[in-house]
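Understanding the architecture of this molecule
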Protein chains: 4
Amino acid sequence: MLRVGINGYGTIGKRVADAVSAQPDMELCGVAKVSPDYVAIGAVEAGYPLYVVDETRIEEFREIGVDVAGTVDELVEESDVVVDATPSGIGAENRSLYERHDTPAIFQGGEDATVAEVSFNARVNYDEAEDADYVRVVSCNTTGLSRLVAPLEEAYGIEKVRATLVRRGGDPNQTGRGPINDAVPDPVSIPSHHGPDVQTLFPKLDIDTIGLKVPTTMMHVHAINVTLENPPASEDDVRDLLAAQERTIMVPEYARIDGAGTLKDMAADAGRPRGDIWENCIWEESVTLQGSDLYCMQAIHQESDVVPENVDALRAISGHLSGPESRSLTNETLGIGF
Amino acid sequence: MLRVGINGYGTIGKRVADAVSAQPDMELCGVAKVSPDYVAIGAVEAGYPLYVVDETRIEEFREIGVDVAGTVDELVEESDVVVDATPSGIGAENRSLYERHDTPAIFQGGEDATVAEVSFNARVNYDEAEDADYVRVVSCNTTGLSRLVAPLEEAYGIEKVRATLVRRGGDPNQTGRGPINDAVPDPVSIPSHHGPDVQTLFPKLDIDTIGLKVPTTMMHVHAINVTLENPPASEDDVRDLLAAQERTIMVPEYARIDGAGTLKDMAADAGRPRGDIWENCIWEESVTLQGSDLYCMQAIHQESDVVPENVDALRAISGHLSGPESRSLTNETLGIGF
Amino acid sequence: MLRVGINGYGTIGKRVADAVSAQPDMELCGVAKVSPDYVAIGAVEAGYPLYVVDETRIEEFREIGVDVAGTVDELVEESDVVVDATPSGIGAENRSLYERHDTPAIFQGGEDATVAEVSFNARVNYDEAEDADYVRVVSCNTTGLSRLVAPLEEAYGIEKVRATLVRRGGDPNQTGRGPINDAVPDPVSIPSHHGPDVQTLFPKLDIDTIGLKVPTTMMHVHAINVTLENPPASEDDVRDLLAAQERTIMVPEYARIDGAGTLKDMAADAGRPRGDIWENCIWEESVTLQGSDLYCMQAIHQESDVVPENVDALRAISGHLSGPESRSLTNETLGIGF
Amino acid sequence: MLRVGINGYGTIGKRVADAVSAQPDMELCGVAKVSPDYVAIGAVEAGYPLYVVDETRIEEFREIGVDVAGTVDELVEESDVVVDATPSGIGAENRSLYERHDTPAIFQGGEDATVAEVSFNARVNYDEAEDADYVRVVSCNTTGLSRLVAPLEEAYGIEKVRATLVRRGGDPNQTGRGPINDAVPDPVSIPSHHGPDVQTLFPKLDIDTIGLKVPTTMMHVHAINVTLENPPASEDDVRDLLAAQERTIMVPEYARIDGAGTLKDMAADAGRPRGDIWENCIWEESVTLQGSDLYCMQAIHQESDVVPENVDALRAISGHLSGPESRSLTNETLGIGF
Ligand SMILES: NC(=O)c1ccc[n+]([C@@H]2O[C@H](COP(=O)([O-])OP(=O)(O)OC[C@H]3O[C@@H](n4cnc5c(N)ncnc54)[C@H](O)[C@@H]3O)[C@@H](O)[C@H]2O)c1
Ligand SMILES: NC(=O)c1ccc[n+]([C@@H]2O[C@H](COP(=O)([O-])OP(=O)(O)OC[C@H]3O[C@@H](n4cnc5c(N)ncnc54)[C@H](O)[C@@H]3O)[C@@H](O)[C@H]2O)c1
Ligand SMILES: NC(=O)c1ccc[n+]([C@@H]2O[C@H](COP(=O)([O-])OP(=O)(O)OC[C@H]3O[C@@H](n4cnc5c(N)ncnc54)[C@H](O)[C@@H]3O)[C@@H](O)[C@H]2O)c1
Ligand SMILES: NC(=O)c1ccc[n+]([C@@H]2O[C@H](COP(=O)([O-])OP(=O)(O)OC[C@H]3O[C@@H](n4cnc5c(N)ncnc54)[C@H](O)[C@@H]3O)[C@@H](O)[C@H]2O)c1
C-alpha cells in the first residue's frame, strides 16, 4: 500500500484525494489545508484526515466542527509520497519541506518545470519518473496537448504543431477572476509558454502555441493544426487512431454536443463524480485533413484532466507498477472512457 | 408500486427520472424523447426504457444504437401517472394525450396555471392534489419563493412580500440563450408573473416581484423583503426557523461560500448527483430584521429544486402517502439536507 | 475662470476633464497620472497638460512621446480646485497634499464619507458645499438612488425605500475583474453600504439596500421599491414627475430598449461622447403603483452619471453660481436630456 | 453628387449612413427601416429622411413622432446606388427590388457571395467593382483577414494561412444571443466558411480557418499563422509593413491595451463616433516570425470595420474615383488612423 498525503486541498487536491482513495494499492493518509471553510468540511465528510498548514489556526478549524489530525509536517512524515496541489509558486516553496522529510513529491503544472527532475504525462514518459524523487505533472492545457501529440507523432511523425488555446478565465468557484466581456490575448507574445511546456515532454517537437483567455469557466477549447510528416490516406484513419486512445473521447456529430455545457451534462448523465471529464474531448467532425495539415478542436476539462496523470505519477515515482499496468488500473478505477 | 412515465427527457425530465428510480414505492416505466442525441444515449445507459414521441424517427434512434421501447402513447398507457417535462407550452398540448389514456399527469411550471386543477408545492398544499387528475408543480422560482413564504407566514404572519429575482439567463447546456453582457429587466412590467404564480399557492398573500435576467447559468438569486405582521424579537429566531425547514439550507459565513460556483462545488464535494442542490440556499448573514422588515438573499438551483416536489406530487396525486410521509421519504431517498 | 486640476486620470478623471473643458467658466489646468499608457497618450491628444504623480517616471512618459508639464504638486498649486479621481482609498491619502497647498478638493464616492465635510449631489444639497473646502461626490449608485429619492420625497413623502442593486462586475476596460458566471451577493450582509451612503444626503430617510454583483460591464440596474407617504392618484403622476427631472430619462415602451446595450446604442446614435449616459434611465413601463408602494427599475451608467455632479460640485465649492444656475449650465454644455 | 439610399438601418446601416453623410461627393437620400423604435428616432434626430419598408406600419411611426418620407420603393427609385444592410438572407430577397428600379446595390457579408457579381475589399479588388451592378462587401471577419493577407501576399508571398477566429457571440445590443458561459466551436467542421469567403477575394490563396463563438460582444479576436514564401530577415520588417497599411493599427506594448475594452476606451478617448474602430488592431508584440511561420493576433470591431469598405464600394460601383483616391478620401473624412 502506497501511503499518499495531499498538500493543498482545492480544485485539484480534492479530486486527487478522491482518485487516490479509489485505488486498491493506495491509502490516503490525509489532506493539508490552510483555511477552515466549506472545503474543509467536505474533506471531513469524505472521511479524509485533515492536517493544518498553519498551526495557529487549529482553533478556527475546531470552531467550525473540523477535527484536525495534525500539521502538514506530520502528514509529510507519515506519507510515502506527497501530492502538492497548492497554488502556483507555493509548490516550489514547499519543496524544502518534502526534502526535509525525505518524502518524494508530485508537483502540479502551475510550478516551473525546474521544480522537479521530470515533467510528466502518463502516456508519454511514465518510465522517466521511476528514478525521480520529484515529478511535475504538466498543466491541464499541456496534458491535453500531449495526449493528442503522442499518438500522432508515433503514427505519422509530426513536422509542426500550431495550437490556439482558448482558455477559460477562471474555475467555476473563482468569482474574483475575469474577464467579464473580453477575449484577452494572454500572453500577448507568441509562442505562449504552453509550447515550451509541451517540449518538456517532447523535446524535439516543433510547436507554436497562442493563448487567449475568455469569459467561460467550464473547459478550455483548443483549435489545433498539426502538419504531419506521413499523413494517412484519410482523416478517418486519424479519427480511428484518436478514438483508440485511452484518455481521449471522440464527440460524434449525432450526439449534438456543442460545447462544454453539453459535455458536462453528458458527464453528469453518466454519473461521473463532480461531472468530471478526465479525457480530451475531440469533436469528430472537426478532425480534418487538408493535404498534410491535420486540424481538430478539443475541449479540456481543466479541473480534472490531470487527475489520472497524478495517480499514475504516484505509481511511477514509487516504482510500483509498469506504465501500462498503472494506466489501465487508473482508468478502470476512475471509470475513464464512456 | 406506482408506475411512472416521464414525457420530455431534458433538464427536468432526466432528474425526475433519476429521482423516481430512487423511490422504493415507484417504478419508472420509461421516458419519452423527441430527438436522438447524447441525452437519449444517457437514458439508455441509465437503463431507462426509451419511448419516441415521433414514430417516424425510430430509425434515427436505432442508428445511434438506442433501442426504442415504443411510442409515447404506449408509455402513457402503461403508466399510472405521467410526469410531463416537455418545454413550456407543449405540456398544455399534451394534456389531451393524457386524457385520452385516462392517465393522471404532473405538469411543470412552464405551463400556465390553467393546465391543471391544482398548482402544487409539497410544503404548502400537498393535500389539495389528492383529488386532482392534473397537477402543476410550480416553477423553480415560485418553488423557491414558496418555501420561504410558508414558514414565515405560519410563524409571524406576512403583511407583504417584495422580491427581486435575479434570474440566470439559461441553463448550462443552452448555448443559444443570452444575454452575454447585460442585466435585462424581464419582464419590464412590475409585478412580474412570479408574484401571481406564488399566489396560486397562497391566494391571500400580498406579494410583488421584479424580474431580471443576467449572464449566468448556474442558479437564480433572490433578494427578498418580507414585512412581517408579528416580527420575532431577533433575526436569530428567523434564522432558526428557516434552518429548521427541510428543504432549506442556511449558508454560514464561515463556509466562505460567495455564490453559485462555490455552492455547487460544495454539492459536488458532498457527492450530490449532477451537483444538484434541491434546497433553497439562504445566506445566513443576509437574514436581517429591520423593524418588521425581514430581508435575505437566497440562491435557487433552477435545474433541480422542483425535483423533490415532482416526486411528492406523484404521491399526492395517487393518494399514496400523506404529505409528511411522502416528503420525508423523498428527502431520505434523495439525500436532501447537508 | 475657475482653474481646475484633475488628479487621477482614469474612467472618472478623463470624463470630468472633458466636462470641465466644456464649461465656459472653467479652465482645465491639467491632469495628473501615474503610468504612461494609452490613456496618457489620449490626454495629450485631447490637449490636456499632463502632470506626473511619480517624478521618477518622467522619462518613461517621454519615451512614449508624452511631454510632461510638471508634477502633481505643481498642478495642485496652480489649481483653484482639484478633482481627485484616484482609486478608492487613495483620495484620502491625497487629502494632506491638497491641504498643504491650501487647495480645495472634490473627492469621489470610492472614499469614505469622512474624507470630506460634505457628501454631495447637485439636486439634493448644492448649497451645503458652498462653505466647504472638501466635498465628496457620492458614488454612481448613490447618485442614481438620490436622483430618484429627491423628487419622490418632495412630492409625496417617503415612508421607506427598499432597493436591490444589480451591479456591473467591472468597467469595460477592467479585464481583471469578475465574476464570469455568477451573481454574487456583495455584500452578503443587509443593508449594503449604499443605504447609509444615501443617508449622507438624506439623513432622515429610511432606506435598506441589497447589493449583488453580476457579469456585466455596461450599467448597474436598480430594482426599486418606495413606500410613499401620500401616494398620488395614479402611476402616471409619478411618471410625469420623474420625466420632469433634469437628470432622469424615461425609457418608453415603444423605444424597444431592453437593457444597457440598447441604451448605450441609443446614446451613440445621439452622438454622445463615449456613448455616455449621465442620466438615470428609468423604464417607464416599470413605474408601477400598488397602493402606496411604488416600484420601478432604472439603469445607471457607472462611468458617467457622477460627471455632471462633479462639475456642479466645482461651482458649489467655489461659490461661483447658484445651484439652479450651475445645474442648468452643466446640462446645457454637456447636452444632458435627450 | 452620388445619391445614396440605405435599406436596413441597424448596426451596419446606421454607421454607413453616418459615413456617407460625411463624404463630400455623396448625398444621403434616406434610410429605410421596418420597425418604429429608438433607432428610428435616432435616424430622425440625425436628420436622415426615413422610409418605411412596410407601408402598413406608417401610422406606427407617426405615433412615436417619426415623420415618414416615403416607402422603400421610392427610396430605391431616388437613389443612384443603394446600400443594403438588412439581416443575412434578406439582402438576396431584396435584389429583385433593386433590379426593378435598375438601381445598383451594395450588399453585406451576411449574404452568400452569389448575391452579387463581385465580392469586395477596397484594398484588394477595388477595380473589379467598377463594371458591376451588384457588389458584396465581405463580412467583418473576412475584411479583417483580407487586410492582413493583402500586404503579406504582396511583400513575401503566402504559402498558407491558418487562422482561428474567436468570434464575439453577439453585438452589444443583441440580448437574445448567447453563449453565456461556453466557447462553442462554430462551425464544428473545419475549415469554417470564412476561409472560402477570403478566397472570393484571393482565389489562389491556400487558407484554412477555424471558428469559435465566445461570450463577448465587443470585438472578434483572430489568432493567425501565415507561412510565408519569402520571409523577411526579421519580424520587425513585418511590423513595419503592417504599420504602413492604412486600415491597420499596431497596438504597442507600452500602451497597455489588453483587449477590446481598452481598445474601445482608447477609441473613445480619441473622440471616435460610437467608439468605432474601423481598422484591424494588431498587437505589435504578437507579431512573431518562427522560420517562415509568421504569427499574430488582431482584434476586429465587427460593427464598424466594413464601414469604410462600403463607402469605397459606393465609389467603385459608380466609377467615381480611382481606388487610391477613394480610399484616401474615405480615410480622411472618417478620421481613420490614430
Ligand atoms: N484549477 C485548474 O484549472 C488547474 C488545472 C491544472 C493544474 N492546476 C495547478 O494545480 C495547482 C493547484 O491549483 P488549484 O486550482 O487546485 O488551486 P486552488 O486554489 O483551488 O487550491 C489550492 C489549495 O492550496 C491551499 N494552499 C494555499 N497555500 C498553501 C500552502 N502554503 N500550503 C498548503 N496548502 C496551501 C489553498 O488553501 C487551497 O486549498 C496549481 O499549481 C495549478 O496551477 C490547476
Ligand atoms: N430548466 C429549468 O430551469 C426549469 C426549472 C423549472 C421548471 N422548468 C420547466 O420544466 C419544463 C421542462 O423544461 P426543461 O428545462 O427540462 O426543458 P428541456 O428543453 O431541457 O427539455 C424538454 C424535453 O422535452 C422534449 N420535447 C420537446 N417536445 C416534446 C414533445 N412534443 N413531447 C415530448 N417531449 C418533447 C425535448 O426533446 C427535451 O428532451 C418546462 O415547463 C420548464 O418551464 C424548467
Ligand atoms: N468607475 C466607476 O464606475 C466609478 C463610478 C463612480 C465613482 N467612482 C470612483 O471614482 C474614483 C476613481 O475611480 P475610477 O474608476 O476612475 O478609477 P480608475 O482606476 O479608472 O482611475 C484611477 C486613476 O488614478 C490614477 N492613480 C492611481 N494612483 C494614483 C495616485 N496616487 N495619484 C494620482 N493618480 C493615481 C490611476 O493611474 C488612474 O489613472 C474612485 O473613488 C471610484 O470609487 C468610480
Ligand atoms: N453586426 C455585425 O457584426 C456585422 C458585421 C459585418 C457585416 N454584417 C452584415 O450586415 C448585414 C446587416 O447586419 P446588422 O448587424 O446591421 O443587422 P441589424 O439586425 O442590426 O440591422 C438590420 C436592419 O434591417 C432591418 N430590416 C429587417 N428586415 C428588413 C427588410 N426586409 N427590409 C429592410 N430592412 C429590413 C432591421 O429592422 C434592422 O434595422 C448582415 O448581412 C450582416 O451579416 C453585420
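For the structure, see preceding data.
Note that the coordinates shown come from a computational prediction; the quantities given were computed from them, not determined experimentally.

What about the overall build of chain A?
- When helices and strands are counted, chain A shows 12 helices and 16 strands.
- At 20 Å, chain A has a C-alpha radius of gyration in line with the 20 Å of a compact globule built from 338 residues.
- Partitioning the contacts of chain A with sequence separation of at least 6, the portion at a separation of at least 24 is 70%.
- Accessible surface, chain A: about 11000 Å² in total, of which carbon and sulfur atoms supply 45%.

So, the pattern of salt bridges
- Evaluated as defined, the whole model comprises 118 salt bridges over all chains.
- The partner of Arg3(A) in a salt bridge is Glu78(A), with the nearest N and O atoms 3.7 Å apart. One end of the pair, Arg3(A), is in strand 1 (residues 2–7); the other, Glu78(A), is in helix 4 (residues 72–78), with 75 residues separating them in the sequence.
- Between Arg239(B) and Asp236(B) there is a salt bridge; the shortest N-O distance is 3.9 Å. Taken together, the positions of Arg239(B) and Asp236(B), both in helix 9 (residues 235–243) and 3 residues apart, correspond to about one turn of that helix.
- Linked through salt bridges whose partners overlap, the residues forming this network are Asp25(A), Arg147(A), Arg247(A), Glu309(A), Asp312(A) and Arg315(A).

Describing the site of ligand 3
Residue and element names in this part refer to chain C.
- Taken together, 20 residues lie around ligand 3, and Tyr 9, Thr 11, Ile 12, Arg 168 and Asp 171 are the ones closest in.
- A distance of 2.9 Å separates an oxygen atom of ligand 3 from a polar backbone atom of Thr 11.
- The contact in question runs from an oxygen atom of ligand 3 to an N or O atom on the side chain of Ser 88, over 3.4 Å.
- Contact with the protein chains removes 81% of the 820 Å² of surface that ligand 3 exposes when unbound.
- Each residue belonging to the shell around ligand 3 can be placed in one class, and the counts come to 8 nonpolar, 9 polar and 3 charged.
- Two domains each donate at least three residues to the shell around ligand 3, and these are domain 1 (2–138 + 306–334) and domain 2 (140–300).

Topic: helix 2 (residues 38–45) of chain A
- Here helix 2 of chain A has its buried residues at Tyr38(A), Val39(A), Ala40(A), Gly42(A) and Ala43(A).
- Where helix 2 of chain A is buried, its residues meet helix 1 (11–21), strand 2 (26–33), strand 3 (50–52) and helix 3 (58–63) of chain A together with helix 10 (260–269) of chain B.
- Measuring from the backbone nitrogen of Val39(A) back to the side-chain oxygen at the start of helix 2 of chain A gives 3.1 Å, which picks out Asp37(A) as the cap.
- Gly47(A) lies just past helix 2 of chain A and shows a positive phi near 85°.

Remarks on the sheet that holds strand 1 of chain A
Residue and element names in this part refer to chain A.
- A sheet is described by the order of its strands in space; here 8 strands give the open sequence 4-3-2-1-5-6-8-7, paired in parallel fashion. Because the sheet does not close on itself, it has two edges, and the strands there are strand 4 (70–71) and strand 7 (118–120).
- For strand 1 and strand 5 (residues 81–84), the ladder comprises 4 bridges, and the chain directions are parallel. Among the inter-strand pairings, Ile 6 is bridged to a residue of strand 5, identified as Val 83.
- Sheet contacts for helix 11 (residues 307–317): strand 1, strand 2, strand 5, strand 6 (105–107), strand 7 and strand 8 (134–137); angle to strand 8, the most-contacted strand, approximately 160°.

Looking at the relation of the copies chain D and chain A
- In the superposition of chain D on chain A (RMSD 0.0 Å, axial shift 0.0 Å), the rotation amounts to 180°. Expressed as a symmetry operation, the mapping of one chain copy onto the other fits a two-fold axis. Distance from the rotation axis, computed per C-alpha, reaches its smallest value in chain D at Pro215(D): 3.1 Å.
- The overlap is high: 100% of the interface residues of chain D also sit at the interface in chain A, so the same surface is used on both sides.

Thoughts on the interface of chain C and chain B
- Across the boundary between the two partners, chain C contributes 42 residues, which contact 42 residues of chain B.
- The contact between chain C and chain B buries some 3400 Å² in all, and 62% of this surface belongs to carbon and sulfur atoms.
- If you look at where chain C meets chain B, you find 4 salt bridges.
- Among the ionic pairs, Asp293(C) bridges to Lys160(B), the shortest N-O distance being 3.1 Å.
- At the junction of chain C with chain B, the criterion picks out 17 residue pairs in polar contact (both at pLDDT 80 or more).
- Within the residue set of the side of chain C that touches chain B, elements represented by two or more residues are strand 9 (158–168), strand 10 (184–185), strand 11 (207–214), strand 12 (220–228), helix 10 (260–269), strand 15 (288–290) and strand 16 (293–300) of chain C.
- Along the lines of polarity and charge, the residues of the side of chain C that touches chain B split into 22 nonpolar, 13 polar and 7 charged.

Description of the interface of chain D and chain A
- Taken together, the contact between chain D and chain A spans 42 residues of the former and 42 residues of the latter.
- Taken over both partners, the interface formed by chain D and chain A buries close to 3400 Å², and the fraction arising from carbon and sulfur atoms is 62%.
- Our count for the contact surface shared by chain D and chain A stands at 17 residue pairs in polar contact (both at pLDDT 80 or more).
- When residues of the side of chain D that touches chain A are traced back to their parent elements, those giving at least two are strand 9 (158–168), strand 10 (184–185), strand 11 (207–214), strand 12 (220–228), helix 10 (260–269), strand 15 (288–290) and strand 16 (293–300) of chain D.
- Across the side of chain D that touches chain A, the residue classes tally to 22 nonpolar, 13 polar and 7 charged.

A few points about unusual backbone geometry
- Note the cis peptide between Ile190(B) and Pro191(B), where omega equals 0°.
- Residue position: Pro191(B) is located in the loop between strand 10 (184–185) and helix 8 (194–199).
- In this model, Gly178(C) is joined to Pro179(C) through a cis peptide bond whose omega is 5°.
- By the element assignment, Pro179(C) lies in the loop between strand 9 and strand 10.
- The backbone phi angle of Arg274(B) is positive, close to 60°, even though this residue is not glycine.
- You can see Arg274(B) is positioned in the loop between helix 10 and strand 14 (280–283).
- The class for Arg274(B) is buried, based on a relative accessible area of 15%.

As for the site of ligand 1
All names here are of chain A.
- By nearness alone, 20 residues border ligand 1, and Tyr 9, Thr 11, Ile 12, Arg 168 and Asp 171 come closest of all.
- Within the backbone of Thr 11, an N or O atom sits 3.0 Å from an oxygen atom of ligand 1.
- Residue Gly 110 places a main-chain N or O atom 3.2 Å away from an oxygen atom belonging to ligand 1.
- Relative to its unbound accessible surface of 820 Å², ligand 1 loses 81% to contact with the protein.
- For the shell around ligand 1, the class distribution of residues is 8 nonpolar, 9 polar and 3 charged.
- When residues of the shell around ligand 1 are sorted by domain, at least three fall in each of domain 1 (2–138 + 306–334) and domain 2 (140–300).

Reading guide: rules and limits
Residues numbered from 1 in each chain as written. Chains lettered and ligands numbered in written order. Predicted model: local features only at pLDDT ≥ 70, side-chain atom pairs only at ≥ 80, totals over all residues. Heavy atoms only, no water. Helix = DSSP H or I, 4+ residues; strand = E, 2+ residues; numbered from the N terminus. Rg over C-alpha atoms; globule rule 2.2 N^0.38 Å. Contact = heavy atoms within 4.5 Å. Areas by Shrake-Rupley, 256 points an atom, 1.4 Å probe, with all protein chains shown as cover. Salt bridge = Lys/Arg side-chain N within 4 Å of Asp/Glu carboxyl O. Near = heavy atom within 4 Å. Polar contact = N/O pair within 3.5 Å; in protein donor to acceptor, adjacent residues only side chain to side chain. Nonpolar A, V, L, I, M, F, W, Y, C, P; charged D, E, K, R; others polar. Domains from an automatic or database assignment. Buried < 20%, exposed > 50% of the residue type's maximum accessible area, 1.4 Å probe, protein only. Pairing = 2+ DSSP bridges. Axes fitted to C-alpha atoms, helices over the stretch in contact; angles between N-to-C directions. Least-squares fit on C-alpha atoms with pLDDT ≥ 70 in both. Buried area = accessible area lost by both parts, 1.4 Å probe.

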